[in-house]
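Given next are the chains, with one letter for each unit.
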Amino acid sequence: MTIDIEGLREFIEARDRSDPPYFAGRKEVIADIETICRTMWQRHTAGAPQHKGMTRIIHGAPGAGKTSVLGHLACRRNDGEPRIVNMPGPDSLESGDELAALLAGALKAGLDKTVLQQYNRHMQLQLGIGGTHVQHGREVSDPRQPDPVRSVLAHHPVKKWQYPVVLAIDEFQNTAGDRFSPHARILQAVHNQKYQAPIMLVLAGLGDTVDRAMELGLSRPAQGTTWTLGCFDEAESDDLIAGWGRHFGLPDGDWRNTMRGIAEDCDHWPVHVQNALMALAEEVVAADGRLEDVQSSVVRARSRKRQLAYYRQRMSPQMEGSRFLLSAVMQDLQESHDRGDIIDSIEWHADSRPGSRWRLPDGMTVNEYFNHLIHRGALHKHLDTGTVECPIPSFRAWLTNQGAPLPEPEPYSSPSPF
């Protein structure tokens, strides 16, 4: 077996924002989306109305593998499998012409150009027809945006479709507007099956993605329609390590035990495991494929450096400026805590000591601070139980260590209900 040195170089250059060369874990998430698509297609071919509310939401802290799941779905292009319109962010959704082109291109080669020309022609015709609104103190025209999905259906009716389509939107928590925005109306129409077409929404993002979806007019998710991505289990990490090695032609050896140990040390957090493999790749390339020259201690040190860099990237200026307060809140955190417990903890510790790092960030309320920690991946709310946790145990330990000793007053504990 020959080690693919050039492939390893490309893997190193791609960093951790690209799709992994070998996809592991998340089988239940993939199976759920594929099952819904099959059901939609069966109802479509039978002429039955589509079920409403089939939207799926995949959420979790940065590095949990949300983007990898969408990328894995998009790579599966076998006959009968759904076509994935994979949007790396909400910009494509908010731009009606881009959404129309993406959907058309997924349904039929070359259709995107025809639909885009017609869509832009309609936009030109609508200029001046819509109402006005105030922007920067003056009235501006507010043209009525054509419905991008209906623009596609006008050229390619549902009866001509050959497979279901998934509109997959990453970083959904950053979607702009409110429930009355044109793109929100599209989301609502797909979610509620107003088009009666085999189209499924998959929304991926951070811990506040569900709240953002509801703000944009989607109904509260039913049980079983949201997926929280957390740490891998040991078997999933081992599958990723072994599959990655096979992909690049690495023979079995002690390197796998080293990688297993690193995965265990970093709580099997997906991006940490991938970054550990990247550290190994760098050493294998440097040794020109001679695995016997690769030192496990160097791989561990490189991996740890990447792990700490990940933690520092998670720290916003607001978190950095209040790191003693944040550390105290992390020390208080218990498995049974919900939003109210954490809000109480923040209030208890804020301004409890002299110094700026014990204060809430300027202009931020306690609730806004809590939501900020959710958005940054320091906290995650479980929809089924209402409990809140730090999704990465090693990140919590790192945040705790950023603080100051806590002599008096004693750490906050939630009051007994009795």
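Just so you know, these numbers come straight off a predicted model, no measurement behind them.

Undergrad: Mind showing me how you'd approach the packing of helix α15 (residues 323-332) against helix α16 (residues 339-349) here?
TA: The angle between the axes and the distance between the axes are what describe a pair of packed helices. Where α15 contacts α16, the axes come no closer than 9 Å and their chain directions differ by 135°. One way to sum up the angle between α15 and α16 is to call them oblique. The handedness of the crossing between α15 and α16 is right-handed. Contact residues: α15 offers Leu 325, Ala 328, Val 329 and Asp 332, while α16 offers Ile 342, Ser 345, Ile 346 and His 349.

Undergrad: Is there a simple way to think about helix α2 (residues 27-46) in this case?
TA: Given 3.6 residues per helical turn, the α-helix brings residues three or four places apart onto the same face. Taking 1.5 Å per residue, 20 residues should reach 28 Å; α2 reaches 28 Å between its end C-alpha atoms and fits that length. Remark: Gly 47 follows α2 within two positions and exhibits a positive phi of approximately 75°.

Undergrad: Teacher, can you tell me more about the sheet that holds strand β5 (residues 165-169) here?
TA: Within a sheet, each strand pairs with its neighbour through backbone hydrogen bonds, oriented either parallel or antiparallel. Strands sit in the order β2-β5-β6-β1-β7 across an open sheet of 5 strands; the sheet is parallel. Edge positions in the sheet fall to β2 (83-87) and β7 (226-228), since each has one partner strand and no second. Neighbour-to-neighbour, the strand axes of the sheet open up by a mean angle of 15°, direction not taken into account. In this sheet, β7 lies alongside strand β1 (residues 56-59) in parallel orientation, the contact comprising 3 bridges. Bridge assignment links Ile 57 to a residue of β7, and that residue is Thr 226.

Undergrad: What's the story with the packing of helix α11 (residues 254-265) against helix α12 (residues 270-286) in this structure? I'm lost.
TA: One way to put it is that α11 packs onto α12 with a least axis distance of 10 Å and a crossing angle of 145°. Considering the relative orientation of α11 and α12, their crossing is right-handed. Within the contact between the two elements, α11 uses Trp 255, Met 259, Ile 262 and Ala 263 and α12 uses Val 273, Ala 276, Leu 277 and Leu 280. Partitioning the contact of α11 with α12 into residue classes produces 8 nonpolar, no polar and no charged.

Undergrad: For this particular structure, what's the right way to read the pattern of salt bridges?
TA: Opposite charge on two side chains permits them to pair, given that their charged atoms come into close proximity. On inspection of all chains with the given rule, the structure shows 13 salt bridges. Taking the shortest distance from any N to any O, the salt bridge between Asp 238 and Arg 256 comes out at 3.8 Å. Of this pair, Asp 238 sits in helix α10 (residues 234-247) while Arg 256 sits in helix α11, and the two are 18 residues apart along the sequence. In this structure Asp 238 comes out as partly exposed when scored by relative accessible area, which is 26%. The buried category is assigned to Arg 256, whose relative accessible area is 15%.

Undergrad: Explanation requested: the environment of Arg 314 in the structure shown.
TA: Mapped onto the elements of the fold, Arg 314 is located in helix α13 (residues 296-314). You can call Arg 314 buried: its relative accessible area is 15%. Taking the C-alpha atoms as reference points, Arg 314 and Arg 376, separated by 62 residues in sequence, lie 6.2 Å from one another. Residue contacts for Arg 314: discarding those within four places in its chain leaves Pro 62, Met 319, Arg 376 and Phe 395.

Undergrad: Looking at this structure, how should I read the environment of Ala 378?
TA: The residue Ala 378 is located in the loop between α17 (366-375) and β8 (380-381) in this model. In this structure the C-alpha to C-alpha distance between Ala 378 and Leu 399, which are 21 residues apart in sequence, comes to 8.8 Å. Residue contacts for Ala 378: discarding those within four places in its chain leaves Met 319, Met 330, Leu 373, Glu 389, Cys 390, Pro 391, Phe 395 and Leu 399.

Thresholds applied
- Residues numbered from 1 in each chain as written.
- Predicted model: local features only at pLDDT ≥ 70, side-chain atom pairs only at ≥ 80, totals over all residues.
- Heavy atoms only, no water.
- Axes fitted to C-alpha atoms, helices over the stretch in contact; angles between N-to-C directions.
- Helix = DSSP H or I, 4+ residues; strand = E, 2+ residues; numbered from the N terminus.
- Parallel < 35°, antiparallel > 145°, perpendicular 65-115°, else oblique.
- Left-handed = near helix turned anticlockwise from the far one by under 90°.
- Contact = heavy atoms within 4.5 Å.
- Expected span 1.5 Å × (residues − 1).
- Pairing = 2+ DSSP bridges.
- Nonpolar A, V, L, I, M, F, W, Y, C, P; charged D, E, K, R; others polar.
- Salt bridge = Lys/Arg side-chain N within 4 Å of Asp/Glu carboxyl O.
- Buried < 20%, exposed > 50% of the residue type's maximum accessible area, 1.4 Å probe, protein only.

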